[in-house]
Structures are given as structure tokens and as C-alpha cells.
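# Observations on the model geometry
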Amino acid sequence: MATVSSPHCAGRITAVLGPTNTGKTHLAVERLLGHASGVIGLPLRLLAREIYDRVVAVKGTGAVALVTGEEKIVPPNATHFVCTVEAMPTGRSFDFLAIDEVQLCADPERGHVFTNRLLHARGAKETMFMGADTIRPLIARLVPDAEYISRPRLSSLTYAGPKKLSRLPRRSAVVAFSATDVYTIAELIRRQRGGAAVVMGALSPRTRNAQVAMYQAGEVDFLVATDAIGMGLNMSVDHVAFASTRKFDGIGPRDLRPEEIGQIAGRAGRHMNDGTFGTTADAAELDADLVERVEEHRFQRLHRINWRNSNLDMTDLDALMRSLDAAPPDDCLMRVREPVDQMALKALARDDDIRAMTKGRAAVARLWQVCQIPDFRKVMPDVHARLLGRIYRHLMGDSGVLDNAWLERQISLLDRTDGDIDTLANRIAHIRTWTFVSHRGDWLDNAPAWQERTRVIEDKLSDALHASLTQRFVDRRTATLVRRLRDRQNLTANVGEDGDVMVEDHFIGHLHGLRFAIDENARGTEGKALRAAAKHALGREINSRAERLLSGDAATLKLTHDGRIFWGESPVAKLHTGDTPLRPRLSVIADELLDSQLRVRVDTRLREWLVQHVSTVLAPLERLVDAKLGGAGRGLAYRLTESLGTADRAALNDQIALVSKEDRQSIWRLGIRMGTESIYVPALLKPQAAGLTHLLWRVYHDKLTLPPSPAPGLVSVETDRDLPPDYYAAAGFRPFGPRAIRVDMAERLAFELRKLARQGPFRLPENLMSLVGSPRDEFTQILKAFGYRIDSSGEEPVFVRQQKRKGKKPVDRDKKNNPGRQNAKSRQSKKAKKPAPAINEDSPFAVLKELTSK
């Protein structure tokens with residue numbers, strides 16, 4: 001039987017070539033299972049694990065080995081090996097040998113390994129190379145005995161043009177070429193479409209498996225990945241969208257080659273299902289010629305592939321480096337760009353200590369083995385080389401193995417699952433290095449124990465990373481609801497006592513009365529999905545609530561200071577400006593899910609309640625509107641109603657003068673009081689009525705943003721110059737200088753001041769300051785507003801009432817705002833032939849008598 005490393009073994013050599021989705025790998029697995037022994041080399045550890053599981057299902061665990069750089073499962077009697085290309089065993093005979101994705105011979109980083117297998121790896125009975133048709137001329141040149149099988153694609157691949165992320169079809173894979181872009185796009189898809197799985201080369205195989213499984217199971221409909229998905233991963237992808245068509249290849253950014261675009265786009269449409277490809281995000285539309293080549297799978301043939309000498313000279317360190325730099329034996333082979341292992345070797349060769357201990361073939365071979373530890377961390381070459389140097393020094397020590405204490409310190413630092421996505425991914429990269437090292441059995445005292453230790457840590461970190469990726473990029477709530485809605489499944493909704501709405505055990509929002517408020521964290525398509533779920537599940541509940549409102553007690557309704565009607569603890573209507581202050585309009589606060597007929601009934605019910613509520617609380621005003629009065633009396637009633645029960649006396653003096661004695665008596669019996677300062681309704685100064693009149697004023701004047709009425713119990717408040725005087729009058733207050741005083745207390749204060757003034761000049765009355773809760777400096781301004789001035793001619797300032805001066809109009813404290821008051825007094829003065837008789841100012845008719853006794 002032939003060995004893997006011999007190119008001269010007998011046996012059939014077949015090249016199975018064609019585009020993606022042609023069943024090449026499937027054919028190779030079938031041929032592997034048909035031989036007594038065999039090995040297959042695959043481009044990815046993840047794909048190797050997938051194929052291993054398939055072969056184990058047929059051959060059993062005892063007959064199948066899995067060998068990758070970081071994982072080895074090798075039963076004693078294994079006959080079938082599934083490996084990554086780099087980890088394929090040499091020096092062992094197999095009846096069948098296969099290399100997948102053989103066109104990777106042209107890859108600048110790994111190509112030389114694939115080329116080595118193409119040139120030297122053979123099976124005793126059958127050898128199979130699978131890959132793209134672009135490598136056919138080189139196989140014909142380098143392996144002249146090969147036979148060819150062309151495999152047509154099982155489904156068509158069509159260009160769909162550019163699409164926004166929000167418009168991508170379900171089962172789409174979005175391809176980006178940096179971790180930052182992958183994360184950004186996944187976050188956008190989470191917000192807009194419910195979530196996405198993430199696949200990158202930097203993830204551990206376990207994390208990638210978990211993410212792919214989540215996508216395959218339909219938990220999410222989108223996948224965001226790097227070009228790692230182009231290498232044989234079999235997933236149910238219908239559309240591939242390129243978020244970029246440029247990548248960094250280790251030297252600098254460059255455009256993707258047509259064959260690379262074809263390889264990645266070919267992941268769309270598996271088996272007999274057709275696929276599409278296009279661009280998204282910031283990627284420009286693809287060139288028409290490029291599109292045609294991808295759709296027809298016509299790509300430029302490879303003329304050169306990467307090569308590195310595999311016949312290495314281990315005589316000494318310099319001989320090894322010279323053999324690595326050997327020139328290719330054929331002009332179709334080009335020396336590979338210096339790989340990481342070769343850069344590490346040159347860096348270590350410059351270390352005098354390393355060079356000194358590398359004497360003899362065994363030491364040189366050991367150093368080269370150490371240099372082949374992959375740089376999973378993707379750090380600077382010198383940093384990677386320093387770690388390799390420490391490992392080599394341990395191996396070249398007296399024990400010949402790694403120091404257990406040192407190794408424990410390196411690994412224990414990684415045994416923690418806290419941190420963000422980047423931190424976890426960085427720890428996984430570190431632990432993968434030690435996982436690789438642990439599978440070099442001759443480097444450790446107890447290799448199986450270290451293998452188990454690193455495997456457990458890598459699994460823990462991988463699970464934590466998967467959880468973090470899922471938490472950040474997948475909204476399971478939205479994904480679940482969208483899937484069930486799509487499948488037209490019935491949704492079960494529950495509304496908690498606090499109004500929280502749960503659909504299929506997912507919180508989707510809150511039901512406030514008759515309105516559904518979607519979860520405030522929902523945005524874009526997520527919000528649409530939640531609203532769709534609510535529409536299916538909440539329509540009946542909202543209608544049921546409306547029926548309960550219609551049949552419920554009126555006591556469950558209340559009007560709040562912000563102009564809303566509440567049913568229990570939830571708003572169900574909002575007030576708006578109406579034809580009069582006492583008759584505001586309202587609009588029902590209800591979701592569109594409420595039945596239209598029920599909405600009309602609810603609107604009618606709330607309007608009726610509002611009219612009844614206003615009529616009850618403001619009964620004196622309602623009686624005034626309906627009172628049978630003469631023309632002047634009706635005019636006065638109208639003015640008082642429009643001002644919601646409180647008006648400036650001076651502004652209505654002309655109107656009052658025309659009111660008949662009978663109407664004045666009727667007005668008195670209706671509860672209206674005419675003071676020297678204001679006309680008001682004492683019953684409306686009570687907290688409930690005052691709050692309602694103030695609210696109706698703010699609604700009528702569309703000023704609901706202004707503060708509510710003064711707190712109950714206050715007899716005065718500090719005035720705000722930015723607020724109109726009517727603002728205070730609507731609550732039963734009148735501005736007097738720096739303070740607005742409740743009108744009944746203003747009348748009492750005016751009465752007390754008149755008593756003091758009749759006795760002559762008076763000092764600042766300390767007892768009256770407490771009446772309105774005003775300090776000394778403010779009270780001085782209040783006195784001025786009431787028509788008193790300071791007389792400083794004596795030893796101590798005193799207050800006197802302002803007097804009329806000959807030839808001048810009387811001084812009026814409100815003349816700017818109420819000129820009608822001054823004019824009315826002037827006319828009355830001209831008509832008066834003698835002074836008015838003294839009256840009892842304690843009588844509520846004092847003012848009336850003063851006006852009518854002339």
C-alpha cells in the first residue's frame with residue numbers, strides 16, 4: 001500500500017471540479033465510506049467536524065478519527081481519518097485520499113500546504129481532488145495522470161442587485177471583511193429585523209457551531225459573516241449580500257477577485273434551491289461583466305500556485321532556513337509569501353541563546369515544530385516569536401517538556417468568562433494556542449490532562465461568547481414573534497394587573513386603558529413585529545375593556561389637571577378647545593385595535609360624563625347661564641361665565657351700572673358676589689371647582705403646558721410676569737403687585753384697609769401681612785396696588801389713600817389694564833349732585849347701595 005507522502009503510489013487519481021453547490025464534497029465522503037481505509041483533508045476545522053459526525057454515523061466512533069490543529073480524536077483502531085489539510089497524517093497508508101477546495105493552492109497564506117498535498121499526497125487505490133475549475137490547467141500540468149469529472153451546479157445563481165439591510169430577504173447572509181463591520185451590521189439587523197447570527201474566523205469552532213445552529217434552526221433569519229462562509233460550510237442560505245467588496249489580505253486592502261466573489265456568492269442556494277446575490281450597506285453595485293461571470297461560473301484560470309519546499313534540511317539552523325527559501329522546481333509554482341512560521345523562525349534565529357541551544361538535527365527539528373504553532377492571537381510577529389521562544393527554552397531544558405507550573409499560570413489567567421465580546425474572543429484565541437500545544441504529546445508530562453483542561457476552558461469561553469453574541473445581536477422576543485406570525489400560528493396573550501402585555505411569555509408592551517403602548521426599546525421592524533403580534537392577540541382584550549368602561553360606574557372616571565380623562569389609572573380621553581370654556585371638545589385615547597362602533601359609543605359616553613361633571617362641579621355658573629335676566633343682566637352673566645366665575649370689578653362697572661335692581665337681587669341669590677375689587681362666586685373658590693375652572697381656561701386657550709392652579713388652601717401666591725392675569729383669575733385669584741391673592745381674601749383685605757384709611761394715615765399693618773402671607777417688602781407693593789401711597793413727610797413713613805387732584809383724572813391703579821373703570825367713575829362723578837350717604841360697609845350690598853343711593 002502507498003503512503004500519503006508518496007507521489008508514486010498506484011491508484012486512480014480523479015479531479016472533481018466545478019462551482020459551489022455541485023455535491024463535490026458529498027461525493028468524496030461517499031467514496032471515503034466505500035473504502036476500507038481513507039483520509040480526507042478539509043479547509044476548515046468546522047467543516048472537518050461536520051464531516052466527522054457524518055462518517056461516525058456510518059462507521060461508528062471506534063473507526064473514525066478527527067485530527068485538526070487543536071483537536072485530536074484518534075481511536076486505537078481508527079481506519080477513516082477526517083482532518084484539516086494541515087493536520088493530515090504523513091507516513092501512514094490509506095486506500096483513499098481526498099483534498100477539498102484544492103484551488104486554495106493559490107491562497108497567499110495557506111496555499112503552499114495545499115500545493116504540497118496536490119504534489120505529494122496519494123491514496124493507494126484512489127485519490128480525489130475537489131475544487132473549482134480554475135485550477136484544472138495546473139492539475140493537468142502537475143498531475144498528468146489525473147482524470148476529470150465536471151460537476152454542474154445543482155441550482156442557479158442570479159444577481160439581485162443592491163438592497164437596503166431593511167429590505168434583505170429572509171435567509172440572507174451578509175458578508176463583511178472586518179470584525180467592526182460585522183458587529184455594526186449585526187446590530188443594525190437586530191434593530192430592524194430581530195437579530196442575526198455571527199460567523200467569523202476569529203470565533204472558536206464551538207461558538208461558530210452554536211451561531212450556525214441558531215441560524216439553521218430558524219431562530220434568526222439572517223447571518224452576518226466574514227468570507228469564512230465561502231469555504232464549504234453548508235447552510236440554508238437563499239441570498240448573499242456583500243456589504244463590501246474589498247478586503248485586507250495581510251499586505252493591504254484590495255478588491256475581491258471575481259472567483260472570490262463567486263466562491264462566497266455560491267453559498268446561496270443549496271441542493272436544488274436557487275440562490276441570489278447582491279450588495280448592501282455601503283457596497284457599490286457590481287459591474288455587469290463581473291455579474292455575468294459569477295452567474296455563469298466563468299473565471300480566469302490559475303496559472304501559478306504557491307509553493308514551499310517540503311524537503312527540509314535539518315542539519316543546522318542556517319541549512320533549514322536555506323531549504324525553506326529554495327526556488328520552486330517549476331515556473332507554474334511561486335515561492336509563498338513568507339508565512340508566520342518562517343517569520344518566527346528567522347526571529348528566533350537572531351536570538352543568540354536560541355541559536356546556541358539549536359545544535360543537531362533533533363534540536364533543529366524541535367525548533368521548527370515550535371515555529372509551526374499557529375498565531376491564533378493575530379499579534380505582531382515579534383510578540384508571537386517571544387512566546388515561541390519561551391516554549392522552546394522549556395522544551396530544551398533538562399526535563400525536555402514544558403514546566404507544569406509555568407503552563408498552569410498561562411492557562412489559569414484565561415479561565416474566566418467575564419468581559420465583552422472582544423475580551424472573550426481574545427481569551428479564546430489565547431486558549432486555542434495552548435490547546436494546540438497540549439496535542440503535542442511529547443511536549444508535556446501529562447498531555448491528556450492538559451488537553452482536557454484547555455478543552456474545558458475553551459468550551460466555557462465559547463459558550464460565554466455565544467451567549468454574548470446572542471444577547472447583543474439577537475432579540476429573541478422579536479425573532480420568536482416574527483416566526484410565529486410568519487407561520488400563522490395562534491398567539492397567546494396575557495395582560496397583567498399592572499397592564500404589562502405578554503405574548504408567548506415575551507413582554508411586548510403595556511396596555512394603558514384602551515391604548516397599547518409598544519415596548520419603548522422596540523425600534524424599526526422590531527416595533528412592527530410587536531405591533532403585529534399585538535394586533536393578533538390584543539384586539540379582543542381592548543374591546544372587552546371598552547365594554548367594561550361603557551357599563552361601569554361613573555365614579556371610575558376622573559378629570560386630571562393635564563386635561564385628560566382617566567378610567568381608573570389609565571387615560572382614555574384628552575380635552576381640546578371647544579366653542580365655549582364650559583364646553584370643551586374631547587378625543588378618545590384608544591388604539592386602532594378598538595372596534596370602530598365601540599369607539600363611537602365610548603366617545604359618546606365620555607362626552608356625556610364630561611358635561612355632567614362640569615355641570616355638577618360648576619353648578620353656580622350653569623345656573624347663571626340659564627337665569628332669566630334682563631338685557632344688562634344677561635350681558636353681565638355672559639361676561640362672568642366667559643371668565644369662569646371671577647372678573648375685575650373695574651372692567652365691569654359700566655355693565656353693572658345698567659343692571660336693574662331686580663336683576664341684582666337675582667344675581668345675589670345665584671351666589672354671585674360683587675366686591676369693590678372683583679365680582680366672583682364664593683362656591684367656585686373651593687379646591688375642586690377652582691381646579692376645574694382653571695383647567696377649562698387652560699384648555700380653552702390651548703395653554704395646557706402652563707402650570708396647574710395654586711395648591712388648595714393657599715390664599716396668595718407669588719406672581720409670574722410671564723403669565724397673563726387671566727391665568728390667575730381662572731383659579732379665583734387676582735394679581736396685586738408681587739402676589740396674586742384669592743379674590744375673597746382680597747375683598748377682606750380691601751375692607752380692612754378702608755377702615756384704617758378712614759382713621760387717617762396708617763403705618764404698615766403687621767396683622768394684615770399674615771392675612772395674605774406676605775413679607776413686609778412685598779406688602780408695601782400690595783398696598784400700592786390697592787391704591788395707597790407712602791407719605792414720607794413726617795418722622796416715620798405712613799400710608800394714605802391716593803386722592804383726586806383738581807383738573808386731573810383720578811389716579812387709578814388699574815388704569816392701564818382697565819380704563820373702563822376710570823371712565824365709569826368719572827361719569828358717576830359728573831352726575832352726582834351731593835355726596836353719597838354713609839353706608840354699612842359690613843353689608844354684602846355695600847357696593848350696590850353706593851351705586852344706587854344717588
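Here we summarise the structure given alongside this text.

About the cut-offs
- Residues numbered from 1 in each chain as written.
- Predicted model: local features only at pLDDT ≥ 70, side-chain atom pairs only at ≥ 80, totals over all residues.
- Heavy atoms only, no water.
- Buried < 20%, exposed > 50% of the residue type's maximum accessible area, 1.4 Å probe, protein only.
- Helix = DSSP H or I, 4+ residues; strand = E, 2+ residues; numbered from the N terminus.
- Pairing = 2+ DSSP bridges.
- Lys, Arg positive; Asp, Glu negative; His and termini not counted.
- Salt bridge = Lys/Arg side-chain N within 4 Å of Asp/Glu carboxyl O.
- Contact = heavy atoms within 4.5 Å.
- Polar contact = N/O pair within 3.5 Å; in protein donor to acceptor, adjacent residues only side chain to side chain.

## Structural notes on the pairing of strand S5 (residues 80-84)
- Of all 5 residues making up S5, 5 are buried, and the element is well covered by its neighbours.
- With burial as the criterion, each face of S5 is covered, one bearing His80, Val82 and Thr84 and the other bearing Phe81 and Cys83.
- Bridge analysis of strand S2 (residues 38-42) against S5 gives 5 bridges, and the strand direction is parallel. Paired with leucine 42 across the strands is threonine 84, a residue of S5.

## Points about the sheet that holds strand S29 (residues 678-680)
- As summarised here, the arrangement of the 3 strands in space is S27-S29-S28, forming an open sheet in which the pairing is antiparallel. Of all strands in the sheet, those bounded by a partner on one side alone are strand S27 (646-648) and strand S28 (673-674).
- Here 2 bridges tie S28 to S29, and the two strands are oriented antiparallel to one another. Its bridge partner being in S29, methionine 674 is matched across the sheet by isoleucine 679.

## Thoughts on the sheet that holds strand S8 (residues 147-150)
- The strand order across the open sheet formed by 8 strands is S4-S3-S5-S2-S6-S7-S1-S8, and the pairing between neighbours is mixed. A strand with exactly one partner marks an edge of an open sheet, and here the two such strands are strand S4 (72-73) and S8.
- The sheet contact formed by strand S3 (residues 64-67) and S4 spans 2 bridges and is antiparallel. Paired with valine 67 across the strands is lysine 72, a residue of S4.

## Examining the side chain of arginine 193
- Looking at the element boundaries, arginine 193 is found in helix H5 (residues 179-193).
- Notably, arginine 193 is buried but unbridged: the nearest opposite-charge side chain belongs to aspartate 221, and the N-O separation is 7.0 Å.

## Some thoughts on helix H20 (residues 619-626)
- Along H20, the residues classified as buried are Ala619, Pro620, Leu621, Glu622 and Leu624.
- Each element contacted by the buried residues of H20 is listed here: strand S26 (583-588), helix H19 (596-617) and helix H21 (631-642).

## Things to note about the side chain of arginine 254
- Structurally, arginine 254 is set in strand S15 (residues 253-255).
- Here arginine 254 falls in the buried class, since its relative accessible area comes to 17%.
- A polar side-chain atom of arginine 254 sits 2.9 Å from a polar atom in the side chain of glutamate 260.
- Residues contacting arginine 254, with those up to four places away along its chain left out, are Thr245, Arg246, Lys247, Asp249 and Glu260.

Interpretation note: all reported values are geometric properties and have no functional meaning in isolation.
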